[in-house]
Amino acid sequence: NSGSAPRLVPADTGLGGVDALIDPLTLTGRQGRDELRGSSIGIEAGIWLRLGSHFAVEARPRFRAGTEPSVLREPAVSWQTLVGRFQAGNVVFSIGREYLAWGTARHGGLFLSDNAPPLDLISIASDRPFSLPGPLARLGPTRATVFASDLGARQFFPHTLLLGYKVSVAPTPRLEFGVSVFEFTGGEGAPHATALKRIGHFLAFPVLPLKGFQFSNQMAGIDVRYTLPEHRGATAYWEMNVDDFDVRRFDGVLWRDDAAQLVGVRVPAVTADGRVGV
């Protein structure tokens, strides 16, 4: 029930320490909302303000109070999102606190989904699909995003940076293919590396040797989505997330050691009236 005490995840699983709590009925809030136990009240407002033709602000202030404290001890008043956006042509620059959900499933994927809290970040993204130059234009309409986020003071290395980018192409109206990269790096007390070395590792780590680059943790991913519009918009998708990808041990990385796989099918309208979906 909602008054039950949270259960602590075993401190050591044999693969390293885990810092987490399990409280399923009270931690079901979307987008990282830490729900309160007992009797509670919550108010959240959505605000969108456009300042001229190039700049806009999006905010979602939140107030909560309850008879029992939240599991994560969040303050009563907080910002669920607060982000400023500047658009120049097809490029959007964002800074502040906002959500990122990447992947092919309905609520995101293996990297970023809508059950996670918002990130304090700076991002650059395409507003609309664009064509790559030269022969690469044959890949079809393209979208791209790159971001850097400060993960805060509660990390093992306080203020670790999360860096990421994703590029998606649509060779046909039915098929979409994406690649993404994440890197956790830096923070107070973390292994030292020059800015140039960090950037090179972020962009080219799959083909770099491990020695000399053990100052961060990297993940790579690919996702594929195939849509059947003639079957009421049915979609089949596959996503793979690989930790510490290394081309020299390709088979082991994909199937034995470091990969997570997500496969799904979504039919938004099983019946003609669209009232049943799977």
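In the block above lies the structure referred to throughout.
Residues numbered from 1 in each chain as written. Predicted model: local features only at pLDDT ≥ 70, side-chain atom pairs only at ≥ 80, totals over all residues. Heavy atoms only, no water.

### Considerations on the overall build of the chain
Rules: Only DSSP runs of H or I reaching four residues or more are called helices, and only runs of E reaching two or more are called strands; each is numbered from the N terminus. Exposure classes here rest on a 1.4 Å probe applied to the protein chains alone. A residue is buried below 20% of its type maximum, exposed above 50%, and partly exposed in between. Whether two residues touch is decided by their heavy atoms; if any such pair falls within 4.5 Å, the residues are in contact. Reported accessibility uses the Shrake-Rupley method at a 1.4 Å probe radius. Residues are deemed covered only where the shown protein chains occlude them.
Scanning the chain from terminus to terminus reveals 2 helices and 14 strands. Within the chain, the proportion of its 278 residues that are buried is 32%. Of all intrachain contacts in the chain linking residues separated by at least 6 positions in sequence, the fraction that spans at least 24 positions is 48%. Carbon and sulfur atoms make up 62% of the accessible area of the chain, which amounts to about 16600 Å² in all.

### Quick look at the packing of aromatic side chains
Basically, it comes down to this: The rule is short: rings of Phe, Tyr and Trp, with Trp giving its six-membered ring, pair when the centres are within 6.5 Å, and they are stacked under 30 degrees, edge-to-face over 60, tilted in between.
Evaluated as defined, the whole model comprises 7 aromatic pairs. Taken together, a centroid distance of 5.9 Å and an interplanar angle of 75 degrees make the contact between Phe147 and Phe182 edge-to-face. Taken together, the positions of Phe147 in strand β9 (residues 142-150) and Phe182 in strand β11 (residues 175-185) put the pair 35 residues apart, joining distant regions of the chain. The class of Phe182 is buried, set by a relative accessible area of 3%.

### Structural notes on the side chain of Ser94
The residue Ser94 is located in strand β7 (residues 91-98) in this model. Classification of Ser94 by relative accessible area gives buried; the value is 5%. With residues near it in sequence (within four places) discarded, Ser94 still touches Val83, Gly84, Arg85, Leu121, Ile122 and Ser123.

### Regarding the pattern of salt bridges
Note the threshold: Salt-bridge detection follows one rule: a side-chain nitrogen of Lys or Arg within 4 Å of a carboxyl oxygen of Asp or Glu.
Counted under the stated rule, the structure contains 9 salt bridges. Via salt bridges that share partners, Glu44, Arg60 and Arg62 belong to a single interconnected network.

### Things to note about a nonpolar patch on the surface
The condition that has to hold: In this scheme, patches are assembled from residues that exceed 30% relative accessible area and form no salt bridge. Like charges are connected within 9 Å, while nonpolar side chains (Val, Leu, Ile, Met, Phe, Trp, Tyr) are connected within 5 Å.
On the surface, Leu49, Leu51, Phe55, Phe86, Val91, Phe93, Ile124 and Val146 cluster together to form a nonpolar patch covering roughly 620 Å² of accessible area. Mapped onto the elements of the fold, Ile124 is located in strand β8 (residues 119-126).

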